[in-house]
Amino acid sequence: MDCSRILYFGIMMMIIYCERSLSENVGNLLLDYYKERCPMVEEIVQRQVQIAVLKDPRMAASLLRLHFHDCFVMGCDASVLLDSFEGMVSEKQAAPNLNSLRGFQVIDEIKCILEEACPRTVSCADVLAIAARDSVALRGGPWWNVYLGRKDSLKASFNGANQFIPTPNSSLETLIANFKVQGLDIGDLVALSGSHTMGKARCVSFRQRIYERNPEESLEYYHHSDRTKIFRRVLRSICPQSGRDNAIAPLDYKTPTRFDNHYYHNIVEGKGLLQSDNVLVSQDYGGEIRKHVWGYAKDQEYFFESFANSMIKMGNINVLTGEEGEVRKSCRFVN
């Protein structure tokens with residue numbers, strides 16, 4: 001008997017097993033969590049997201065944003081979907097979400113179909129995670145494995161939504177702190193900011209950015225000061241100093257409905273719509289974040305890979321699993 005061959009075979013089997021385990025598990029979440037109880041879950045979600053985005057291309061960005069705003073409060077637990085009820089104030093009423101978040105009806109429709117196919121099985125939190133991935137992929141962005149098994153929260157946090165969701169006028173220091181609280185680093189900050197490559201924002205979100213004097217725009221890394229001034233004038237035509245709060249402009253003026261790396265091209269030129277976009281360059285005095293920005297601007301595949309990895313990481317923030325939380329029958333109310 002050749003013991004060395006047996007030992008080699010045993011080691012290789014252990015490596016294959018470990019690699020497989022790593023690919024099928026992230027934290028307490030599993031890749032095939034619904035394999036036995038609801039094998040069609042991802043197909044059902046994808047189909048409904050396709051229908052919603054076909055009707056309204058902007059919905060892709062809205063569904064992605066729902067997942068962000070959910071995870072940044074108490075974790076990825078679908079607390080953002082709860083309506084106000086019996087003294088509990090909904091996160092939908094918080095300043096970053098009020099008259100801003102969209103897509104709730106789409107999630108309701110997906111959940112209704114899932115309840116018919118697999119009653120009390122698929123959590124609303126998992127629906128949000130899958131819908132975010134499919135929204136990105138449908139607009140030309142990366143596809144990644146969504147690890148599943150999240151449970152839904154039993155409460156919402158109005159105060160948490162006001163405290164932890166980054167605002168459109170945040171400084172770079174504040175953004176870094178917001179992400180650090182969630183266990184996300186500056187690499188995640190720059191990659192996930194790339195979600196602003198699609199979608200639109202309301203005038204009230206970018207008014208401060210276009211009317212307050214910003215001396216940083218004259219610094220050496222903004223090479224097109226005249227074009228920046230023209231860009232600002234265009235935005236001012238959309239958004240006056242007072243009124244028209246709900247007028248909208250694309251977050252990425254070059255390819256507003258496509259998920260690509262043009263967002264990074266924009267902020268290198270000082271043409272990010274939101275102040276929180278432009279500070280990634282203008283307030284990065286050490287240059288580390290700017291290196292990420294330039295890297296993503298030059299290499300879309302590098303951005304896609306980084307974005308997918310950061311989305312998986314974000315999707316694992318403070319998840320409820322096992323006996324924690326519940327699987328809601330309606331995403332708007334606890335059972």
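The structure presented is a predicted model; accordingly, all values stated were derived computationally and were not measured.

A. Broad picture of the UniProt feature "binding site: Ca(2+) 1" (unreviewed entry) in the protein. In the UniProt entry, the feature "binding site: Ca(2+) 1" (unreviewed entry) is given for Asp70, Val73, Gly75, Asp77, Ser79 and Glu91. Taking the farthest pair of C-alpha atoms as the criterion, the annotated set spanning 22 residues converges on one region, since that pair is 12.9 Å apart. Mapped onto the fold, glycine 75 is located in the loop between α3 (59-71) and α4 (104-117). The exposure class assigned to glycine 75 is buried, which follows from its relative accessible area of 0%. Dropping the residues within four chain positions of it, glycine 75 is found in contact with Asp70, Ile317 and Asn318. Relative to the helices and strands, glutamate 91 is located in the loop between α3 and α4.

B. Structural view of empty space enclosed by the protein. Within the structure shown, the criterion is met by two cavities of 30 Å³ or more. As for the largest cavity, its lining consists of 13 residues, of which Trp144, Val146, Arg150, Met311 and Ile312 are closest to the centre. Looking at the lining of the largest cavity, the elements with two or more residues in it are α5 (124-138) and α14 (300-314). Classifying every residue of the lining of the largest cavity by side-chain character gives nine nonpolar, three polar and one charged. Counted as a void, the second largest cavity has a volume near 30 Å³. Taken together, Leu81, Lys92, Phe104, Ile107, Asp108, Cys331 and Arg332 make up the full set of residues lining the second largest cavity. Taken together, the residues that form the lining of the second largest cavity break down as four nonpolar, no polar and three charged.

C. Broad picture of the UniProt feature "active site" (unreviewed entry) in the protein. Under the local residue numbering, the UniProt record ascribes the feature "active site" (unreviewed entry) to His69. Within the secondary structure, histidine 69 is located in helix α3. Judged by its relative accessible area of 9%, histidine 69 is buried. Excluding anything up to four places from it in sequence, histidine 69 contacts Pro96, Asn97, Leu101 and Ile165.

D. A look at unusual backbone geometry. The backbone of glutamate 86 sits at a positive phi, close to 45°, despite the residue not being glycine. Tracing the chain through its elements places glutamate 86 in the loop between α3 and α4. At arginine 120, a residue that is not glycine, the phi angle is positive and equals roughly 50°. For arginine 120, the location among the structural elements is in the loop between α4 and α5. Looking at arginine 120, the relative accessible area reads 48%, which means it is partly exposed.

E. Geometry of the packing of aromatic side chains. All chains considered together, the criterion is met by 15 aromatic pairs. A centroid spacing of 5.6 Å and a plane angle of 50° characterise the contact between tyrosine 296 and phenylalanine 303, whose relative ring orientation is tilted. When its relative accessible area of 2% is taken as the criterion, tyrosine 296 is described as buried. On the basis of relative accessible area, phenylalanine 303 is assigned to the buried category, the value being 0%. Of the aromatic side chains, those joined through ring pairs into one cluster are Trp144, Phe259, Tyr263, Tyr264, Tyr296, Tyr302, Phe303, Phe304 and Phe307. If you follow lysine 92 out to its NZ or CZ, it ends over the ring of phenylalanine 104, 4.4 Å from the centre.

F. How the structure looks around the pattern of salt bridges. Under the defined criterion, the tally for this structure stands at 13 salt bridges. Among the salt bridges present, the one from lysine 254 reaches glutamate 269, with a minimum N-O distance of 3.9 Å. Of this pair, lysine 254 sits in the loop between β4 (248-250) and α11 (262-268) while glutamate 269 sits in the loop between α11 and α12 (275-282), and the two are 15 residues apart along the sequence. A relative accessible area of 34% means that lysine 254 is categorised as partly exposed. A salt bridge links glutamate 269 to lysine 271; the shortest N-O distance between them is 3.6 Å. With relative accessibility at 17%, the residue glutamate 269 sits in the buried group.

Definitions and cut-offs
- Residues numbered from 1 in each chain as written.
- Predicted model: local features only at pLDDT ≥ 70, side-chain atom pairs only at ≥ 80, totals over all residues.
- Heavy atoms only, no water.
- UniProt positions renumbered as here; feature names shortened; annotations may be inferred.
- Helix = DSSP H or I, 4+ residues; strand = E, 2+ residues; numbered from the N terminus.
- Buried < 20%, exposed > 50% of the residue type's maximum accessible area, 1.4 Å probe, protein only.
- Contact = heavy atoms within 4.5 Å.
- 1 Å grid on protein atoms, 1.4 Å probe; cavity = no way out; pocket = protein on both sides within 12 Å on 5 of 7 lines; lining within 4 Å.
- Points joined across faces, edges and corners; volume = space filled by probe spheres on them.
- Nonpolar A, V, L, I, M, F, W, Y, C, P; charged D, E, K, R; others polar.
- Phe/Tyr/Trp six-rings, centres within 6.5 Å; stacked < 30°, edge-to-face > 60°.
- Lys NZ or Arg CZ within 6 Å of the ring centre and 35° of its normal.
- Salt bridge = Lys/Arg side-chain N within 4 Å of Asp/Glu carboxyl O.

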